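Each chain, letter by letter, is given below.
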Amino acid sequence: MEPRVETAYLLDFYGALLTPRRREMLRMRYEEDMSLSEIGAQMGVSRQAVSDAMAIARKQLEEYEAKLGLVRRYLAITQEAEACLTALDEGDIAAARGRLANILQIER
């Protein structure tokens with residue numbers, strides 16, 4: 001997965017666990033596509049301070065994912081659900097059943 005997309009997922013799932021300031025910096029970067037200089041100017045800090053804070057925040061998000069695995073689980077379930085729908089559209093009930101069984105296995 002592209003790092004930018006991965007960070008956006010991590011922010012969606014674990015952003016509330018970050019400090020409000022770090023969460024806002026990441027939000028501006030990944031949701032508003034602002035540069036580090038623009039974020040720094042808006043928050044009254046240097047570009048380097050933004051870079052450092054974002055590096056710490058990304059590391060925290062990656063640690064949460066390593067421990068909790070919520071993004072990995074979500075993506076796996078979503079992939080299986082999409083495959084299940086495709087199988088149903090094609091009339092392949094056995095494949096759809098298999099995909100649903102996979103979802104249940106992920107949940108256990």
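Here we summarise the structure given alongside this text. (Residues numbered from 1 in each chain as written. Predicted model: local features only at pLDDT ≥ 70, side-chain atom pairs only at ≥ 80, totals over all residues. Heavy atoms only, no water.)

Observations concerning the environment of R22
For the record, the criterion: A run of DSSP states H or I qualifies as a helix once it reaches four residues; a run of E qualifies as a strand once it reaches two. Both are numbered from the N-terminal end. By the convention used here, residues are in contact when the closest approach between their heavy atoms is within 4.5 Å.
Tracing the backbone shows R22 in helix α2 (residues 20–30). For the pair R22 and V50, spaced 28 residues apart in the sequence, the C-alpha separation amounts to 8.6 Å. If sequence neighbours within four positions are ignored, R22 has contacts with A53, I56, A57 and Q60.

Observations regarding the nonpolar core
Note the threshold: By convention a nonpolar core is built from buried Ala, Val, Leu, Ile, Met, Phe, Trp, Tyr and Cys residues, the set being connected through side-chain atoms within 4.5 Å. Between buried and exposed lies partly exposed: a residue is buried under 20% and exposed over 50% of the maximum accessible area for its type, with that area taken using a 1.4 Å probe on protein chains only.
Counting residues in each nonpolar core, the largest one holds 18 residues, and the members touching the most others are L18, M25, L26, I39, V50, M54 and L61. Those elements that provide at least two residues to this core are α1 (3–14), α2, α3 (36–43) and α4 (47–68). Here this core takes 5 residues from α4, the largest share from any one element. Apart from residues lying up to four places away in sequence, M54 is in contact with M25, L26, R29, Y30, L36 and I39.

A few points about α3
The line we're drawing: To obtain the arc, one takes the directions from the helix axis to the C-beta atoms.
Those residues of α3 lying buried are L36, I39, G40 and M43. The buried residues of α3 occupy an angular sector of 100 degrees when the element is viewed end-on, so they sit on one face. In α3, the exposed positions angled more than 90 degrees off the buried face are occupied by A41 and Q42. Next to the buried residues of α3 lie α2 and α4. In the segment just after α3, G44 is the residue with positive phi, at about 75 degrees.

Interpretation note: all reported values are geometric properties and have no functional meaning in isolation.
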